[in-house]
Amino acid sequence: MRTLTVDLGDRSYPIYIGEGLLHKSGDYFQQHQLTTKSPVLIVSDENIAPKYLHVVESSLQASGYRTVSSVVKAGEKSKSLDVFEEVMTVAIEGGLDRKSTVVALGGGVVGDLAGFVAASFMRGVHFVQMPTTILAHDSSVGGKVAVNHRLAKNMIGAFHQPTMVLYDVDTLRTLPERDVRSGLSEMIKHGLIWDEKFADWCRDNAERLLALDREALTYGLTEGCSIKAKVVSSDETEQGLRAILNLGHTIGHALEAIGGYGEFLHGEAISIGMAASALLAVNRGRDRSIYEETTALLRKFGLPTTIPGHLNDDDIISAMLHDKKFKENKIVFVLPVRIGEVEIVSDMTLDEVRKVITQLKGEDQHV
Ligand SMILES: NC(=O)c1ccc[n+]([C@@H]2O[C@H](COP(=O)([O-])OP(=O)(O)OC[C@H]3O[C@@H](n4cnc5c(N)ncnc54)[C@H](O)[C@@H]3O)[C@@H](O)[C@H]2O)c1
Ligand SMILES: O=C(O)C(=O)C[C@@H](O)[C@H](O)[C@H](O)COP(=O)(O)O
Ligand SMILES: [Zn+2]
């Protein structure tokens, strides 16, 4: 078992990464002094619940906790105000109080949704993340919680840090292949923004990661969580540095929104967005190798790097302008400087973005 720490100055919390941790969730709750006197709400989805909910319920109950559960539909569409209200209803009817804990047992969708419930219920209760996807090595750390609006991703949310992250890597064995690839996109992102050696390691271990080799996966998730923890520790509420975690997300979020939160998985949209950022950097004078290396790495994982031709350029642009990354009349982009280093730019013009969309649709032969 590995333990990392997110150190926020006046507070900190651990990330436990290992095998069989869900079976010990009751022990971890006691260790972190979460009260047995108030009910615990476990949020999961219809794919996760039949596999893992009983494990967590049994462990918590054996340690003296009363649990109530809310099982939502699987997929991005559950990050909505309607589903948020459904989960709130379970919390109220289940008798949760101000000392209660909300558990997110699942991927990033459940994590963001349950986290927003935890942040909002009675103006904030304890929150525990139990990630069950590869992608959730990113989403379970850092305290960004949110639901989507039809017009823009993660538009309604808060910062609400968990008390702990209990990452049981055994759960990853049942992940569908498309979600494995999607999750690895954010792992690659952590290498691209922070650590060239880690990006190289991802490239050299692509087959092992895709085959869910336990040793490779645990190493990759630990490195990814560690990079995320370092960034969040130095800038909890995205006043500066934390924005680098948004590599690929300016265009990526726009694609998710116009795809109706169903056409692209998050990691797929972010993969296309990272290719777009690399091309924007090249168009601004960086060496072309940055685009070639970035897209070769993403393709090695079977991730998409082009924009499907049926998507309308104006729709992509207008979705982008609704995003949080459009502020003070400027669109903020994270661009690669080289593999392992990025810069944040806020002087991107719409013409530059339009050009890249055309290039990534394969309509420009000079890509
Ligand atoms: N808060 C953050 O910092 C942050 C960071 C990155 C991504 N996100 C958000 O995370 C979301 C994507 O997360 P995700 O990719 O984990 O999606 P997800 O939660 O929808 O999970 C992917 C799919 O895998 C299934 N699943 C989950 N665990 C499983 C398991 N162990 N075995 C079998 N099936 C399982 C789910 O039911 C779902 O169908 C997006 O909404 C994205 O915006 C948030
Ligand atoms: O934690 C962060 O900060 C991130 O940017 C991580 C991203 O991978 C994640 O998708 C996040 O939810 C995007 O944040 P947003 O503020 O652009 O919605
Ligand atoms: Zn993301």
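Keep in mind it's a predicted model, so treat the numbers as computed, not measured.

Student: Can you break down the coordination of the zinc ion (ligand 3) residue by residue, with the values?
Tutor: For the zinc ion (ligand 3), the protein coordination sphere consists of Glu 186 (OE), His 249 (NE2) and His 266 (NE2), at 2.0 to 2.1 Å. Sequence spacing of the donors to the zinc ion (ligand 3): E-x62-H-x16-H. Taken together, the positions of Glu 186 in helix α6 (residues 177-194) and His 249 in helix α10 (residues 249-258) put the pair 63 residues apart, joining distant regions of the chain. Classification of His 249 as buried rests on a relative accessible area of 5%.

Student: For the pairing of strand β3 (residues 40-45), give the residues involved together with the corresponding values.
Tutor: Counting buried residues in β3 gives six out of six residues, a clear majority hidden from the surface. Burial along β3 is two-sided: the face carrying Val 40, Ile 42 and Ser 44 and the face carrying Leu 41, Val 43 and Asp 45 are both buried. Examined bridge by bridge, β3 and strand β4 (residues 67-72) share six bridges and lie parallel to one another. Residue pairing across strands places Val 43 opposite Ser 70, the latter belonging to β4. A crossover connection joins β3 to the parallel β4 through helix α2 (residues 49-62); in handedness this β-α-β unit is right-handed. In this structure, β3 lies alongside strand β5 (residues 101-106), joined through four bridges in parallel fashion. Paired with Ile 42 across the two strands is Val 103, which belongs to β5.

Student: Account for the sheet that holds strand β12 (residues 341-348), with residues named and values stated.
Tutor: Spatially, β10-β11-β12 is the arrangement adopted by the three strands of the open sheet, whose pairing is antiparallel. The outermost strands of the open sheet, each flanked by one partner alone, are β10 (326-327) and β12. Relative to strand β11 (residues 330-338), β10 runs antiparallel, the two sharing two bridges. Bridge pairing in β11 places Lys 327 opposite Lys 330. Sheet strands touched by helix α11 (residues 266-283): β11 and β12. Its angle to β11, the strand with the most contacts, is close to 80°.

Student: Could you give an account of the packing of aromatic side chains, with specific residues and numbers?
Tutor: What the rule picks out here adds up to five aromatic pairs. Taken together, the ring pairs connect Phe 198, Trp 201 and Tyr 219 into an aromatic cluster.

Student: Can you tell me about the site of ligand 1, naming the residues and giving the values?
Tutor: As a matter of local geometry, ligand 1 sits amid 26 residues, with Asp 45, Glu 76, Thr 133, Lys 153 and Thr 174 nearest to it. Take Thr 171: an N or O atom from its main chain is 2.8 Å from a nitrogen atom of ligand 1. Within the complex, 92% of the 860 Å² of free accessible area of ligand 1 lies under protein. Elements with a minimum of two residues in the shell around ligand 1: α4 (108-120), α5 (136-139) and α6. Per element, the largest residue contribution to the shell around ligand 1 is three residues, and it comes from α4.

Student: Give a description of the domain arrangement of the chain that names residues and reports values.
Tutor: Domain boundaries in the chain define domain 1 (2-174) and domain 2 (177-361). Taking only C-alpha atoms, the centre of domain 1 and the centre of domain 2 are 26 Å apart. Listed by partner, the interface residues are 34 residues for domain 1 and 36 residues for domain 2. The contact between domain 1 and domain 2 buries some 3,200 Å² in all, and 62% of this surface belongs to carbon and sulfur atoms. Three residues stand out in domain 1 for area buried against domain 2, namely Ile 134, His 137 and Lys 153, and they jointly supply 22% of the buried area on that side. Where domain 1 touches domain 2, the interface holds seven salt bridges. The interface formed by domain 1 and domain 2 contains 15 residue pairs in polar contact (both at pLDDT 80 or more).

Student: Describe the UniProt feature "domain: 3-dehydroquinate synthase C-terminal" (unreviewed entry) in the chain, naming the residues involved and giving the relevant values.
Tutor: The feature "domain: 3-dehydroquinate synthase C-terminal" (unreviewed entry), as given by UniProt, occupies residues 183-325 in the numbering adopted here. Annotation note: span residues 183-325, helix share 68%, strand share 0%, distance between end C-alpha atoms 22 Å.

Student: I'd love a proper account of the pattern of salt bridges, names of residues and values included.
Tutor: Under the counting rule described, the total for this entry stands at 27 salt bridges. In this structure, Asp 10 engages Arg 11 in a salt bridge whose closest nitrogen and oxygen atoms are separated by 3.2 Å. The shortest N-O distance in the salt bridge between Glu 341 and Arg 338 comes to 3.1 Å. Sharing partners across several salt bridges, the network here consists of Glu 76, Lys 79, Asp 112, Lys 153 and Glu 256.

Reading guide: rules and limits
- Residues numbered from 1 in each chain as written.
- Chains lettered and ligands numbered in written order.
- Predicted model: local features only at pLDDT ≥ 70, side-chain atom pairs only at ≥ 80, totals over all residues.
- Heavy atoms only, no water.
- Donors = N, O, S within 2.8 Å, 3.2 Å for Na, K, Ca; no water.
- Helix = DSSP H or I, 4+ residues; strand = E, 2+ residues; numbered from the N terminus.
- Buried < 20%, exposed > 50% of the residue type's maximum accessible area, 1.4 Å probe, protein only.
- Pairing = 2+ DSSP bridges.
- Right-handed = clockwise from strand over helix to strand, strands pointing away.
- Contact = heavy atoms within 4.5 Å.
- Axes fitted to C-alpha atoms, helices over the stretch in contact; angles between N-to-C directions.
- Phe/Tyr/Trp six-rings, centres within 6.5 Å; stacked < 30°, edge-to-face > 60°.
- Near = heavy atom within 4 Å.
- Polar contact = N/O pair within 3.5 Å; in protein donor to acceptor, adjacent residues only side chain to side chain.
- Areas by Shrake-Rupley, 256 points an atom, 1.4 Å probe, with all protein chains shown as cover.
- Domains from an automatic or database assignment.
- Buried area = accessible area lost by both parts, 1.4 Å probe.
- Salt bridge = Lys/Arg side-chain N within 4 Å of Asp/Glu carboxyl O.
- UniProt positions renumbered as here; feature names shortened; annotations may be inferred.

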